[in-house]
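Chain residues, written in single-letter form:
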Amino acid sequence: MAQHDVKKQMAELREQIEKHNYAYYVLDQPSISDAEYDELMRKLMELEEQYPQYKTPDSPSQRVGGAPLEAFKKVTHRVPMLSLSNAFNEGDLRDFDRRVRQEVGDVRYVCELKIDGLAVSLRYEDGYFVQGATRGDGTTGEDITENLKTIRSLPLRLQKQVTVEVRGEAYMPRKSFEKLNEQRKMNGEELFANPRNAAAGSLRQLDPKIVAARQLDVFIYSVVNSEEIGLVSHSESLRYLDELGFKTNPTWQVCETIDAVLAYIEKWHERRTSLPYDIDGIVIKVDAFAQQKQLGATAKSPRWAIAYKFPAEEVVTQLVDIELSV
Ligand SMILES: NC(=O)c1cc2c(=O)c3cc(F)ccc3oc2nc1N
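Computed from a predicted structure; not experimentally measured.

1. Considering the overall build of the protein chain
Alright, step 1. Looking only at helices and strands, the protein chain has eleven helices and eleven strands in total.
Alright, step 2. For a compact globule of 326 residues, the expected C-alpha radius of gyration is about 20 Å, and the protein chain comes in at 21 Å, within 12% of that figure.
Alright, step 3. Seen through its C-alpha atoms, the protein chain measures out along the principal axes to roughly 70 × 50 × 35 Å.
Alright, step 4. The buried share of the protein chain, taken over its 326 residues, is 49%.
Alright, step 5. Restricting to contacts in the protein chain with at least 6 residues of sequence separation, those with at least 24 account for 76%.

As structure tokens, this is what we get:
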């Protein structure tokens, strides 16, 4: 086949595979069978083998994981990854609301489910995924780019050619967790205590092929360089993330009053067992970026957001060692 046609055919295969990826893993609406998907992937990988010069940085062939790393490189976060301060009861939430209103006057909040996973930061240049890192100590994290590429819902190329840094929570869906512990039980290995530990242990694997088998997922929840892009509120950022092709959690809601926040908390505290992933609370954020800026942050946490933690369940958790997987 003429060289030009091969290049074109490979571009079409990449396009098709990523389109099916998006439908299946972001929209949760499979568009072809697994067998057809695997056939497309096999054909692309065969052509990449034969014509490496036409392999591109956004090729979905990277999602099966490359060679194991010796160690993780360190990454310095240009904007520190802070942690959320916690609220444990209604009083804490009303104190938060009072302090915010004292400082910025009338305010709208955005409420989101607090996914029980691992905070990650993703950098894209001209629309291409170039680096992903863990939170680490907030200033320095570990470069887990190769591992994150195996997460099918993480776009390798955005719908717009923008340079952007986003933050999100990588997590292990409960079904993947149960399947993983089933396998480990059969192999006589230590079980993971919960999906959060399993996700952390998986992302710390030096071999991306193992990570690819763990079926992790990620919800993206913020744009770091939002001002540069001209976004004015958190809710606008969430819509922008959808436009770029990221997977965001669709349950977020604008709340005009703390009573509306309490109602949202009540609703999702009841519904959380019906979710296909673990949540450990609700995140409440001031919506307007101008007001977030006015409120600022302490060395550790933003003063414009708070995490309401659900009361710990009284279940007996298995005391198993967390597999130190590195
Ligand atoms: N686990 C989560 O689902 C989740 C976590 C965070 C954060 O950790 C977080 C930390 C900050 F300093 C600021 C905003 C944040 O927003 C967040 N939003 C979320 N939905």
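2. A word on helix H1 (residues 3-26)
Alright, step 1. Along its 24 residues, H1 runs 34 Å from first to last C-alpha, staying within 8% of the 34 Å computed at 1.5 Å per residue.
Alright, step 2. The set of residues buried in H1 consists of Val-6, Met-10, Leu-13, Arg-14, Ile-17, His-20, Asn-21, Ala-23 and Val-26.
Alright, step 3. Of the surrounding secondary structure, the elements contacted by the buried residues of H1 are helix H2 (34-50).
Alright, step 4. Within two residues after H1, Asp-28 carries a phi angle of roughly 60°, on the positive side.

3. A short note on the pattern of salt bridges
Alright, step 1. A full pass over the atoms with the stated rule returns 27 salt bridges.
Alright, step 2. A salt bridge links Arg-42 to Glu-39; the shortest N-O distance between them is 2.8 Å. Linking Arg-42 with Glu-39, this pair stays in helix H2, spanning three residues, or about one helical turn.
Alright, step 3. Across the pair Arg-174 and Asp-278 runs a salt bridge whose closest N-O atoms are separated by 3.0 Å. Placement of the pair is Arg-174 in helix H5 (residues 174-186) and Asp-278 in the loop between helix H10 (258-271) and strand S10 (279-286), with a sequence separation of 104 residues.
Alright, step 4. Under the relative-accessibility criterion, Asp-278 is labelled partly exposed at 22%.

4. As for the sheet that holds strand S3 (residues 109-115)
Alright, step 1. If you walk across this open sheet you meet the five strands as S2-S11-S10-S3-S9, and the pairing is mixed. Looking at which strands have only one partner, the edges of the open sheet turn out to be strand S2 (86-87) and strand S9 (253-255).

5. A short note on the nonpolar core
Alright, step 1. Of all hydrophobic cores here, the largest spans 39 residues; its most connected members are Leu-122, Tyr-124, Leu-148, Leu-154, Val-164, Leu-203 and Phe-246.
Alright, step 2. Elements with a minimum of two residues in this core: strand S4 (118-125), strand S7 (164-171), H5, helix H6 (195-203), strand S8 (217-223) and helix H9 (234-244).
Alright, step 3. Beyond its immediate chain neighbours, meaning those up to four positions away, Leu-122 contacts Phe-129, Gln-131, Gly-132, Leu-148, Leu-154, Val-164, Glu-165, Val-166 and Ile-220.
Alright, step 4. By size, the runner-up hydrophobic cluster in this structure holds 29 residues, among which are Val-104, Ile-279, Ile-306 and Tyr-308.

6. Focus: the site of the ligand
Alright, step 1. Lining the immediate surroundings of the ligand are 13 residues, of which Leu-82, Glu-112, Ile-115, Glu-169 and Lys-285 lie closest.
Alright, step 2. Here Leu-113 contributes a backbone N or O atom positioned 3.4 Å from an oxygen atom of the ligand.
Alright, step 3. About the coverage of the ligand: the protein hides 90% of its 420 Å² of free accessible area.
Alright, step 4. For the shell around the ligand, the elements supplying multiple residues, two or more each, are S3 and S10.
Alright, step 5. With four residues, S3 is the largest single contributor of residues to the shell around the ligand.

7. Structural notes on the packing of aromatic side chains
Alright, step 1. Summed over all chains, the structure comprises ten aromatic pairs.
Alright, step 2. Taking the centre distance of 5.2 Å and the plane angle of 70° together, the rings of Phe-219 and Tyr-277 count as edge-to-face. Of this pair, Phe-219 sits in strand S8 while Tyr-277 sits in the loop between H10 and S10, and the two are 58 residues apart along the sequence.
Alright, step 3. Aromatic pair Tyr-308 and Phe-310: ring centres 6.1 Å apart, planes at 80°, arrangement edge-to-face. Each member of the pair, Tyr-308 together with Phe-310, is buried.
Alright, step 4. In textbook terms, an aromatic cluster arises when at least three aromatic residues are bridged by ring pairs, as seen for Tyr-124, Phe-129 and Phe-246.
Alright, step 5. Residue placement shows Arg-271 over the ring face of Trp-268; its charged tip is 5.0 Å from the ring centre.

8. Topic: the pairing of S3
Alright, step 1. Across the seven residues that make up S3, a large majority, seven, are buried.
Alright, step 2. Sheet analysis places S3 next to S10, joined by seven bridges and oriented antiparallel. Residue pairing across strands places Tyr-109 opposite Val-286, the latter belonging to S10.

9. Here's the deal with H2
Alright, step 1. Between its terminal C-alpha atoms H2 stretches 24 Å, which fits the 24 Å expected from 17 residues at 1.5 Å a residue.
Alright, step 2. Turning to H2, its buried residues are Tyr-37, Leu-40, Met-41, Leu-44, Leu-47 and Glu-48. Viewed along the axis of H2, the buried residues span an arc of 130°, placing them on a single side of the element. The exposed residues of H2 that point more than 90 degrees off its buried face are Ala-35, Glu-49 and Gln-50.
Alright, step 3. In this structure, the buried residues of H2 make contact with H1.

Criteria and thresholds
- Residues numbered from 1 in each chain as written.
- Predicted model: local features only at pLDDT ≥ 70, side-chain atom pairs only at ≥ 80, totals over all residues.
- Heavy atoms only, no water.
- Helix = DSSP H or I, 4+ residues; strand = E, 2+ residues; numbered from the N terminus.
- Rg over C-alpha atoms; globule rule 2.2 N^0.38 Å.
- Buried < 20%, exposed > 50% of the residue type's maximum accessible area, 1.4 Å probe, protein only.
- Contact = heavy atoms within 4.5 Å.
- Expected span 1.5 Å × (residues − 1).
- Salt bridge = Lys/Arg side-chain N within 4 Å of Asp/Glu carboxyl O.
- Pairing = 2+ DSSP bridges.
- Core = buried A, V, L, I, M, F, W, Y, C linked by side-chain atoms within 4.5 Å.
- Near = heavy atom within 4 Å.
- Polar contact = N/O pair within 3.5 Å; in protein donor to acceptor, adjacent residues only side chain to side chain.
- Areas by Shrake-Rupley, 256 points an atom, 1.4 Å probe, with all protein chains shown as cover.
- Phe/Tyr/Trp six-rings, centres within 6.5 Å; stacked < 30°, edge-to-face > 60°.
- Lys NZ or Arg CZ within 6 Å of the ring centre and 35° of its normal.
- Arc of directions from axis to C-beta.

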